[in-house]
Amino acid sequence: MTASPLVLEARNVVKSFGATRAVRDVSLSIPGQSVFGLVGENGAGKSTLAKVFAGVHSADSGEIVLAGEVVSFKSPHEGIRGGVSMMAQEIMLVPDATVEENILLGSIPRRGIFPNRRAMRRRYQELVALTQFDLDPQAKVSSLRIADQQKVEIMRALSQDARLIIMDEPSAALTADEVVRLHESIRKIVDGGATVLLISHFLEEVLSLTDQVAIMRDGELVRVSDTKSETVDSLVSGMVGRSLETDYAHVARAADRPVRLSVHGLTRAPAVTDVSFDVRAGEIVGLAGLIGSGRTEIARCIFGADRLNSGEILVDGQAVTPRSPKAAISRGIFMVPESRKEQGLVLGSTIADNLTLASITELARGGITSSRRVRDTARRLAEKVDLRFTSIAQSAGSLSGGNQQKILFGRAVEVDPVVLIVDEPTRGVDIAAKRGIHGTLQQMADQGLAVVFISSEIDEVLGVCNRVLVVHRGRIQAEFEPPYNQEAVLAAFFGKGGARSA
Amino acid sequence: MHAVLERVRSYGIVGVFAILFITLSIASPSFLSFQNAANILDQSTILFIFAATTTVAVIAGIFDLSIAAVATASAIMTVNAINWFGMFPGVLTGLLFGALLGLITGLAITATNVNSFIGTLAASFTYRGLGLVLAAGGLVTIADKDVAVSLNSVMEDKILGIKGAVWISLAFVILVGLLLSKTVFGKWVYAVGGNREAAYLAGIRTQRVLVGCYVLSGIGAGLAGVIYAGRYGTGATNAYNDTFVFTAIAAVVVGGVSIFGGSGAVWRGIMGILTFALISNGLNLLGVDTTYQLTILGLLIFIAVAADQAFRRTTRT
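Residues numbered from 1 in each chain as written. Chains lettered and ligands numbered in written order. Predicted model: local features only at pLDDT ≥ 70, side-chain atom pairs only at ≥ 80, totals over all residues.

J.: Can you help me understand the overall build of chain B in this one?
T.: Broken down by element type, chain B carries 13 helices and four strands. Computed over C-alpha atoms, the radius of gyration of chain B comes to 20 Å, within 12% of the 20 Å expected from 2.2 N^0.38 for 317 residues, which places it in the range of a compact globule. Here the C-alpha coordinates of chain B stretch approximately 65 × 55 × 35 Å along the principal axes. Within chain B, the proportion of its 317 residues that are buried is 48%. Restricting the contact set of chain B to residue pairs at least 6 apart, pairs at least 24 apart contribute 79%. (Helix = DSSP H or I, 4+ residues; strand = E, 2+ residues; numbered from the N terminus. Rg over C-alpha atoms; globule rule 2.2 N^0.38 Å. Buried ≥ 20, exposed ≤ 12 C-beta atoms within 10 Å, placed from the backbone. Contact = placed C-beta atoms within 7 Å.)

Quick look at the structure:
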C-alpha cells in the first residue's frame, strides 16, 4: 500500500472565513488507490479542507499537488476536470431522469440533437465493469433507495474520470444494511483504481474501511497514521487533544433551587426517543452531541414548533406541553432558533421590527402600533444586549453575524421567559461577540431563568454549562457534571459510555 | 454606490412617473387639465382597490388570482340581496359575501398547504361558476328603480369634481395603507412574507395572518362588486375579467413591491396603476393607435421588472 504513488498532496494549506481560521497550515499526503479517513469534532475543519481539495473553496495560502502537478481549482467544475470529485452530503441527482442519464448528465453522448442511446449504454457498461455495481440503467433515480442513489453519484464521479472521490458523511442518512452496501461500493471503486477520502463521524466505519486516517482539531492536523495502529479511544483522545486544561470555573450549583423546566418521556419519531430531564432556576444545562443527534429536535418539541408523539412538558410544576410557538411563549418558554438567517430574522426588515417581532402585540394599543414606542423599546433592548448599529431603521441583514444573534437575544429579553432555549447561538460569530453572548446567557440565568444551551463546540458547552446532557441518536446518552472529563463527554457523542452516569 | 442604486430601485417608479408626467404635459396641452386627471382616476377606480389588496398579499408572500371572479360573484350577489332585503342590507351583504369567499379560499389553502398561485386559480374558476349560478346563467337587475337610481348617484355623482366611486375607492386604499403601515396585523404581514419560519418561531400565527390577507382581498373584491352594481344597476357574469388581476399584480411589481414578499407599501401599487394609466392616456392623447398600446405596456412592464432584478443583483453583494 505504501508503494502506491501519491494522488494528492497538501502543503501548508490555510483557509479562513472572516476572523475564523478554519484550516491552519495543514500538510498531508493521500496515497493512490486507498481509502483515506478524515476525522475530527464538528467544526474541526474537515469539510473545509475537503472543499479546498475539490475546488469549492480556494485556499488562502499553501499548495495542492495533484498527481505531481500543482493545481489551484477555482470552482468545483475545475476540480472535476482535474480529477477530484466531491459527493455532497445531500444527494444531487435529477429524480425523474434514469440512472444512466444521471450518470452521464453534462456529458450525454449525442447524435445531432438527440442523445446517442447506444453510446450511452456502452459508456455505462464500462463503468459497471469498473465498479461491479448492478443497477438497472433505465430505472428512474427517484425509485432507488438512498444507497443506490449514492452508487449513481459514485458512477457519475467515475464517469468524469475522478481519481479522488471525496465523501462527506456518506453513511449519515443510511440504514444499517445500506451502510453495508456503501462500504462494498467503496471497496469496489478502490479496487478499480480510484482513491476515496472519507469524512465520517462513525469511528468504527473509519477504522474498518480506511488504510490511513488523519485527525483534525481546531483547523490543525493532529496526526496522520496507519489505521491499523488506531482504536476508537485513540482517535477520540486525538480529537480532543490537550485543551483539557481549559479552566472550568463552575461548581454544580443551584441544586436547591426550584425546578423550572421539566421534560418527561419526550418522543417524536424518529428523531427523539423518551427524553426526560429537569432544569432548575439559575441553571444552564447543555444539550451536546453530534449534528443530527436530535438536540435541535428536542428543543423544537419543547418550544411547540414540532408536535410530540408522547411526553409531557412542565413549567414551574404545571403541565404546559405547547402545541405552537405562540402557546409556548405565553407559557413562558422562548427559543432562539439554530439558524438566525433561516429561522430567526426577517433580514429585509428593520432592526426595530426584528427586536419587537415577538412582542409587537404588547407594544400596540387596540391593534394600532406606535412607531415611536417600537423604536424606543428597540433602543432599550439594543442597549441591554449591547447591539452595535448605525440606525435602528437599518435592515437586520446589514448586520454582522454576532450582532444579528444579539437581536434574537434582545427579542428573548423582551418576551421575558421563564425557560430560555438557545440553539447554536455562537455559530459563525467572532470571539468578542461569543463572549458577549455567553455573558448574556449567564446574566439571564442569574436572574432565575432556566437555560437550555445547545452547541456543537464541546469546549463551549463545557465552559458555559452547569450540567451537560449528551444526546445520541435521539436519546440522552449520558449526563455530566463539573469537573468535566472531556474525553468521556466526547466518547458519549459517539454512543460510548455511561447510561446517565454523573 | 450601493446606496445610490438601492435608492434608484426604491424610488425608480416615482422618477418614471415624473418623467411621464412632465413629457405628457409638454407634448399635449390637454393633458394638464382637471378633466383629464379626473378621467384617469375614474378609469383606475377598480384597479386602485385591486392593487391595494394585491400589494398586501404579495408582501405576505402569496398571490390571490381569484379577486376578479370574487368581485363578479359579489356584484351579482349585491343585486340579488338588494332585491331580497333592500338597499343598505343588500350592499352590506355584497361586501360580506366577498369577505366570505376570501375566507373560504384562505382556509382551504392554508389547511392544505396548496401553493397560493394554483389554489386561487382553482378558486377563481369555482367562483366564476358560483356567479353563473347566482345570476341564473345571465344578468340580474335591481328591480326597484328608485334604489337603482340612488345607488347610481352615489357612484356617479361628483363631489369636488370627482365621482363618488373614486372617493370610495381612494378611502379604501387609504384604509388598507393604514392597516399595513400602522397596525400589528401589518407588521405580521411583513414578517410572514419576509421569513415565514422566523415569524412562526417568534410566536406569530402565520396561517391566520395569511387567511387575513385572503379575507382582505375578498373585502376589496366585494367592494368592487358593489361599485359595479351601483354603476350599472345590474350584476353580470362578465362584470370583471381576469385582466384586472394581472394588471394589479403587474402594477404592484412595477411600483417596486418585491415579488418575493416581505417588503413594499400600498402607495407603490397605486403608483404602478397611475403609471399604467398615464401611459395609456398619453398614448391616446398623442394619437398612438390603440392597437399598439397593449404591446407597449407589456414591454414597459418587462423592462421595469428586469431593471429591478438588475439592481437587486448589484445591491445584494
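Once the structure has been displayed, the description carries forward.
J.: Which parts of the structure should I look at to understand the overall build of chain A?
T.: Per the secondary structure count, chain A includes 18 helices and 22 strands. Whereas a compact globule of 502 residues would reach a radius of gyration of roughly 23 Å, chain A reaches 25 Å, a difference of no more than 12%. Once the C-alpha set of chain A is aligned to its principal axes, its extents read approximately 70 × 55 × 45 Å. Looking at the 502 residues of chain A, the share that counts as buried comes to 48%. In chain A, 67% of the contacts between residues at least 6 apart in sequence involve partners at least 24 apart.

J.: It is not clear to me how the interface of chain A and chain B should be interpreted in this structure. Could you clarify?
T.: In this complex, chain A contributes 24 residues to the contact, which on the side of chain B involves 18 residues. Of the residues assigned to the side of chain A that touches chain B, the class counts are 13 nonpolar, seven polar and four charged. (Nonpolar A, V, L, I, M, F, W, Y, C, P; charged D, E, K, R; others polar.)

J.: Can you help me understand unusual backbone geometry in this one?
T.: With the exception of glycine, most residues fall at negative phi, and the peptide bonds are largely trans. Residue and element names in this part refer to chain A. For the bond running from Ala269 to Pro270, omega is -5°, close enough to zero to count as cis. Relative to the helices and strands, Pro270 is located in the loop between strand E13 (259-268) and strand E14 (272-280). The residue after Pro482, namely Pro483, is reached through a cis peptide bond having omega -5°. You can see Pro483 is positioned in the loop between strand E22 (475-480) and helix H18 (486-493). Its identity is not glycine, yet Gln33 carries a phi of approximately 50°, on the positive side. Among the structural elements, Gln33 can be located in the loop between strand E2 (20-31) and strand E3 (35-40). The exposure class assigned to Gln33 is partly exposed, which follows from the 18 C-beta atoms found within 10 Å. Of note in this structure, Asp416 is not a glycine but carries a positive phi near 55°. Within the secondary structure, Asp416 is located in the loop between helix H15 (401-415) and strand E19 (419-423). Looking at Asp416, the number of C-beta atoms within 10 Å reads 14, which means it is partly exposed.

J.: How do you make sense of the sheet that holds strand E6 (residues 84-87) of chain A when you look at a structure like this?
T.: All names here are of chain A. Strand order across the open sheet formed by six strands is E6-E9-E10-E3-E11-E12, with mixed pairing between neighbours. Each end of this open sheet is capped by a strand with a single partner; those strands are E6 and strand E12 (220-226). Averaged over neighbouring strand pairs, the angle between their axes works out to 20° when direction is ignored. Where E3 lies against strand E11 (residues 212-217), five bridges are found, and the strand directions are parallel. Following the sheet pairing, Phe36 is matched in E11 by Gln212. Along the sheet, helix H6 (residues 176-191) makes contact with E3, strand E9 (164-168) and strand E10 (195-199), crossing E10 at roughly 150°. Sheet contacts for helix H8 (residues 232-240): E3, E11 and E12; angle to E11, the most-contacted strand, approximately 30°. (Pairing = 2+ DSSP bridges. Axes fitted to C-alpha atoms, helices over the stretch in contact; angles between N-to-C directions.)

J.: What should I look at first to understand the environment of Trp188 of chain B in this one?
T.: Residue and element names in this part refer to chain B. In this fold, Trp188 is placed in helix H8 (residues 184-194). Sequence separation of Trp188 and Arg208 is 20 residues, and the distance between their C-alpha atoms is 10.0 Å. Excluding residues within four positions of it along the chain, Trp188 makes contact with Ile204 and Val209.

J.: What is the right way to look at helix H3 (residues 67-85) of chain B in this model?
T.: Given 3.6 residues per turn, any residue in an α-helix points the same way as the ones three and four places further on. Residue and element names in this part refer to chain B. Along its 19 residues, H3 runs 25 Å from first to last C-alpha, staying within 8% of the 27 Å computed at 1.5 Å per residue. In terms of burial, H3 is a largely internal element, 16 of the 19 residues being buried. Downstream of H3 by one or two residues, Gly86 has phi in the positive range, about 105°. (Expected span 1.5 Å × (residues − 1).)

J.: Would you explain the nonpolar core in this entry?
T.: Judged by nonpolar contacts, the single largest core of 239 residues is most densely connected at Ile165, Ile166 and Phe453 of chain A together with Val189 of chain B. Ranked by the residues each element gives to this core, the list is headed by helix H10 (residues 206-232) of chain B, at 15 residues. What Val189 of chain B contacts, discounting residues up to four positions off in sequence, is Val56, Ile59, Ala60, Leu180, Val209 and Cys213 of chain B. (Core = buried A, V, L, I, M, F, W, Y, C linked by C-beta atoms within 7 Å.)

J.: I keep staring at the confidence of the model for chain A and nothing clicks. Help me out?
T.: Parts of the prediction with low pLDDT should not have their coordinates interpreted in detail. In this model, chain A carries an average pLDDT of 86, and 94% of its residues clear a pLDDT of 70 or more. Note on residues 243-248 of chain A: pLDDT under 50 across the span, and nine contacts to partners over four residues away in sequence or across chains. (pLDDT = per-residue confidence, 0-100.)

J.: Can you help me understand the sheet that holds strand E5 (residues 69-71) of chain A in this one?
T.: In any sheet, the strands associate via hydrogen bonds between backbone groups, in a parallel or an antiparallel arrangement. Residues and elements named next belong to chain A. With antiparallel pairing, four strands are arranged side by side in an open sheet as E2-E1-E4-E5. Of all strands in the sheet, those bounded by a partner on one side alone are E2 and E5. Averaged over all pairs of adjacent strands, the angle between strand axes in this sheet comes to 25°, irrespective of strand direction. Judged from the five bridges that link them, strand E1 (residues 6-17) and strand E4 (residues 61-66) form a sheet pairing that is antiparallel. Across the sheet, the residue bridging to Leu8 is Leu66, located in E4.

J.: Please explain helix H6 (residues 145-156) of chain B as it appears in this structure.
T.: Residues and elements named next belong to chain B. The terminal C-alpha atoms of H6 lie 16 Å apart, and with twelve residues this matches the ideal 16 Å at 1.5 Å per residue to within 8%. Buried residues of H6: Ala148, Leu151 and Met155, and no others. Take H6 and look down its axis: the buried residues cluster within an arc of 75°, on one side only. The outward face of H6, more than 90 degrees from its buried face, is lined by the exposed residues Lys145, Asp146, Val149, Ser150 and Ser153. (Arc of directions from axis to C-beta.)

J.: Just checking my understanding: could you explain the packing of helix H14 (residues 371-384) of chain A against H15 of chain A for this structure?
T.: When two helices pack together, their arrangement is given by the angle between the helix axes and the distance between those axes. Residue and element names in this part refer to chain A. Contact geometry for H14 and H15: axes closest at 9 Å, N-to-C directions at 110°. The angle between the axes of H14 and H15 places the two elements in the roughly perpendicular class. The hand of the H14/H15 crossing is right-handed. Counted together, Thr377, Leu381, Ala382 and Lys384 of H14 and Gly410, Val413 and Glu414 of H15 form the full contact between these two elements. Considered class by class, the residues forming the contact of H14 with H15 number three nonpolar, two polar and two charged. (Parallel < 35°, antiparallel > 145°, perpendicular 65-115°, else oblique. Left-handed = near helix turned anticlockwise from the far one by under 90°.)

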